[in-house]
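# Tertiary structure, described
Below are the chains, spelled out letter by letter.
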Amino acid sequence: MGLLPEAESTRALLSLVLLVVGTVLAVVALRNRRWEAPAAAAASAGLVGWTLTSGAYDGPVLFVVVEGNGLHLGDLLSVPALLLVLWLCWRGARR
């Protein structure tokens, strides 16, 4: 028996919280470079977690990639975090 219930929705909710916290940290890292690495790590972990577990909160399909798989409304929550992580990585690589 683990600390958390094995429900898919619980894992998705934890991934969503990590995604939001990582996104907020990435916004903070835009002004304070000390937070770049932790922000990129938290936002990336949130992105991966949300992508793998968001099935409970997918919403309607916006674009079908292949039969049975596509871009859902819930997937759009990860776009701001993705853009911020890419910006932080690009800015870090320029230094």
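These numbers come from a predicted model, not from an experiment. Sequence order as written defines the numbering, with residues in each chain counted from 1. pLDDT decides what is reported in this predicted model: residues at 70 or higher carry local features, side-chain atom pairs at 80 or more are listed and counted, and totals for whole chains, interfaces and linings draw on all residues regardless. Only hydrogens and water are set aside; all other atoms, that is, all heavy atoms of the structure, feed into the side-chain values.

## Thoughts on the overall build of the protein chain
Every helix listed is a DSSP run of H or I at least four residues long, and every strand listed is a run of E at least two residues long, numbered separately from the N terminus. Regarding its fold elements, the protein chain presents three helices and two strands. Walking the protein chain from its N terminus toward its C terminus, one meets helices and strands in the order α-α-β-β-α. With the principal axes as the frame, the protein chain shows a C-alpha extent of 40 × 35 × 15 Å. Only protein chains enter the accessibility calculation, which uses a 1.4 Å probe; a residue is then buried when its area is under 20% of its type maximum, exposed when over 50%, and partly exposed in between. The buried share of the protein chain, taken over its 95 residues, is 31%. Note on contacts: a residue pair qualifies if any of its non-hydrogen atoms lie within 4.5 Å across the two residues. The contacts in the protein chain between residues at least 6 apart in sequence include a share of 62% that link residues at least 24 apart. For the protein chain, the computed accessible surface area is about 6,400 Å², with 71% contributed by carbon and sulfur atoms. Surface accessibility follows the Shrake-Rupley procedure with a 1.4 Å probe radius. Residue values consider only the protein chains on display as shielding.

## Structural notes on the pattern of salt bridges
Any Lys or Arg side-chain nitrogen located within 4 Å of an Asp or Glu carboxyl oxygen qualifies as a salt bridge. According to the stated counting rule, one finds two salt bridges in the structure shown. We note a salt bridge from Arg33 to Glu36, for which the minimum N-O separation is 3.7 Å. The exposure class of Arg33 is partly exposed, given its relative accessible area of 37%. A salt bridge links Arg91 to Glu36; the shortest N-O distance between them is 2.6 Å. In this pair, Arg91 sits in helix α3 (residues 79–94) while Glu36 sits in helix α2 (residues 36–53), placing the two residues 55 residues apart along the sequence. Through salt bridges with shared partners, one network takes in Arg33, Glu36 and Arg91.

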